[in-house]
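Residue-level structure breakdown
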Amino acid sequence: MSAEKNKWIDAVAKLVTLTQERKLIWRAAGLGSYGLETDYAGKVLRLQTINDDGNIYPRLQLQEPGSGQVWEFPYSEATEHLMEAARYQVVGVGEFLDELLNKTA
Amino acid sequence: MTRLSSVIYSVLTREGFAVLANVFSIASFIVSIFVLWNIRKLRNAYMLRARGPALIKDLSKAASNLSRFMNEYADFMPQVSEEMGRVGVKLRSLKRKLGGAPRRSVKRVLSYVDHCEVSVQNEEQVRLVYGELLKVIEELKDNQKDLEWET
């Protein structure tokens, strides 16, 4: 596999790690939208679920806030995992489980 | 004409015939090795075409599960360990069917998996295995696409 493709997978896997370690904090992108976004190194990272003729996949974009120019990361399974990790964080699944399991009946 | 007849004569002598027989014997040995090697290659290609997609799908599922468990690594260590075991079995099965660069990549990830002990201190190592697993899955998917064109 090309080193170029490896680099993108490494980058997205790193974003998964940062998300799971709560070093990257995601937020819902807006009402009525399934998108999530976060800020990193002066740029905006945006995750969206795309429905392309029934083919549903996540899309990760990098946006330059000043100019609004957007660049899209190449798709890999790591993007799916990043979407899951970001949703896990935004929904607060960990906190919910802690509260549920620690609650005495 | 005389030269040709002398060549035929030398072949027909006992020594000449023995040399010729030796040459054919060595040549047939080489051809046999080549045929065996090709049969093995064909068998592996067939096995990979038949079993490859399911094994890659299983690996993808394992990577997805690992990623989920890594959300709360400390709480899910037994599950991470179980998933790593499953990844090792699938990679070993794939390794036997692969050749060339994909085989080398699978071997590399397999060595990471075998040396990775799931513990609180080793979270970084587990994450390294997860990252390498993602890369090898992409490589195997590409290899599977190439196979569709080859056979």
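Now for a look at the structure at hand. Bear in mind that the values here come from a model prediction, so they are computed numbers and not experimental data.

Rules of the game
- Residues numbered from 1 in each chain as written.
- Chains lettered and ligands numbered in written order.
- Predicted model: local features only at pLDDT ≥ 70, side-chain atom pairs only at ≥ 80, totals over all residues.
- Helix = DSSP H or I, 4+ residues; strand = E, 2+ residues; numbered from the N terminus.
- Rg over C-alpha atoms; globule rule 2.2 N^0.38 Å.
- Contact = placed C-beta atoms within 7 Å.
- Nonpolar A, V, L, I, M, F, W, Y, C, P; charged D, E, K, R; others polar.
- Core = buried A, V, L, I, M, F, W, Y, C linked by C-beta atoms within 7 Å.
- Buried ≥ 20, exposed ≤ 12 C-beta atoms within 10 Å, placed from the backbone.
- Expected span 1.5 Å × (residues − 1).
- Arc of directions from axis to C-beta.
- Pairing = 2+ DSSP bridges.
- Axes fitted to C-alpha atoms, helices over the stretch in contact; angles between N-to-C directions.

What follows concerns the overall build of chain B. Broken down by element type, chain B carries five helices and zero strands. Overall, chain B shows an N-to-C arrangement of helices and strands of α-α-α-α-α. For chain B, the C-alpha radius of gyration of 26 Å lies well beyond 15 Å, the compact-globule estimate for 151 residues. Projecting the C-alpha coordinates of chain B onto the three principal axes gives extents of approximately 90 × 30 × 20 Å. If you take every contact in chain B between residues at least 6 apart in sequence, the share linking residues at least 24 apart comes to 64%.

All right, on to the overall build of chain A then. The number of helices and strands found in chain A is three helices and five strands. Reading the helices (α) and strands (β) of chain A from amino to carboxyl end gives α-β-β-β-β-β-α-α. Across its three principal axes, chain A shows a C-alpha extent of roughly 55 × 35 × 35 Å. Restricting the contact set of chain A to residue pairs at least 6 apart, pairs at least 24 apart contribute 36%.

Further remarks concern the interface of chain B and chain A. Counting residues at the interface gives 17 residues for chain B, matched by 17 residues for chain A. Mapped onto the side of chain B that touches chain A, the elements with two or more residues apiece are α2 (14–69) and α5 (123–150) of chain B. Take the side of chain B that touches chain A: its biggest share by element is nine residues, from α5 of chain B. Residue classes in the side of chain B that touches chain A are distributed as five nonpolar, five polar and seven charged.

Turning to the nonpolar core, a few remarks are in order. If you look at the biggest cluster of nonpolar residues, it comprises 44 residues, and the most contacted ones within it are Val-12 and Leu-82 of chain A together with Ala-63, Tyr-130, Leu-133, Leu-134 and Ile-137 of chain B. Among the elements of the structure, α1 (3–20), β3 (43–52) and α2 (77–91) of chain A together with α2, α3 (77–97), α4 (100–115) and α5 of chain B are those that each provide at least two residues to this core. At eight residues, α5 of chain B tops the list of elements feeding residues into this core. Each residue touching Leu-133 of chain B, except ones within four places of it in the same chain, is listed here: Leu-59, Ala-63, Val-87 and Val-109 of chain B.

Okay, α3 of chain B next. Because an α-helix completes one turn every 3.6 residues, residues spaced three or four positions apart along the sequence face the same direction. Residue and element names in this part refer to chain B. With 21 residues, α3 ought to run about 30 Å at 1.5 Å a step, and its terminal C-alpha atoms sit 31 Å apart, in line with that. Three or more residues of α3 are buried, namely Val-80, Glu-83, Met-84, Val-87, Lys-90, Leu-91, Leu-94 and Lys-97. Here the buried residues of α3 occupy an arc of 135 degrees about the axis, which is enough to place them on one side. Counted as exposed and oriented over 90 degrees from the buried face of α3: Pro-78 and Arg-96.

Looking now at the sheet that holds strand β4 (residues 55–63) of chain A. Strand pairing in a sheet takes place through backbone hydrogen bonds and is either antiparallel or parallel in direction. Residues and elements named next belong to chain A. Spatially, the five strands line up as an open sheet ordered β1-β2-β3-β4-β5, and their pairing is antiparallel. Bordering the open sheet on either side are β1 (27–28) and β5 (70–72), each of which pairs with just one other strand. In this sheet, β5 lies alongside β4 in antiparallel orientation, the contact comprising three bridges. Looking across to β5, one finds that Gln-61 is bridged to Glu-72. This element, α2, spans β1, β2 (36–40), β3 and β4 of the sheet and lies at about 80 degrees to β4.

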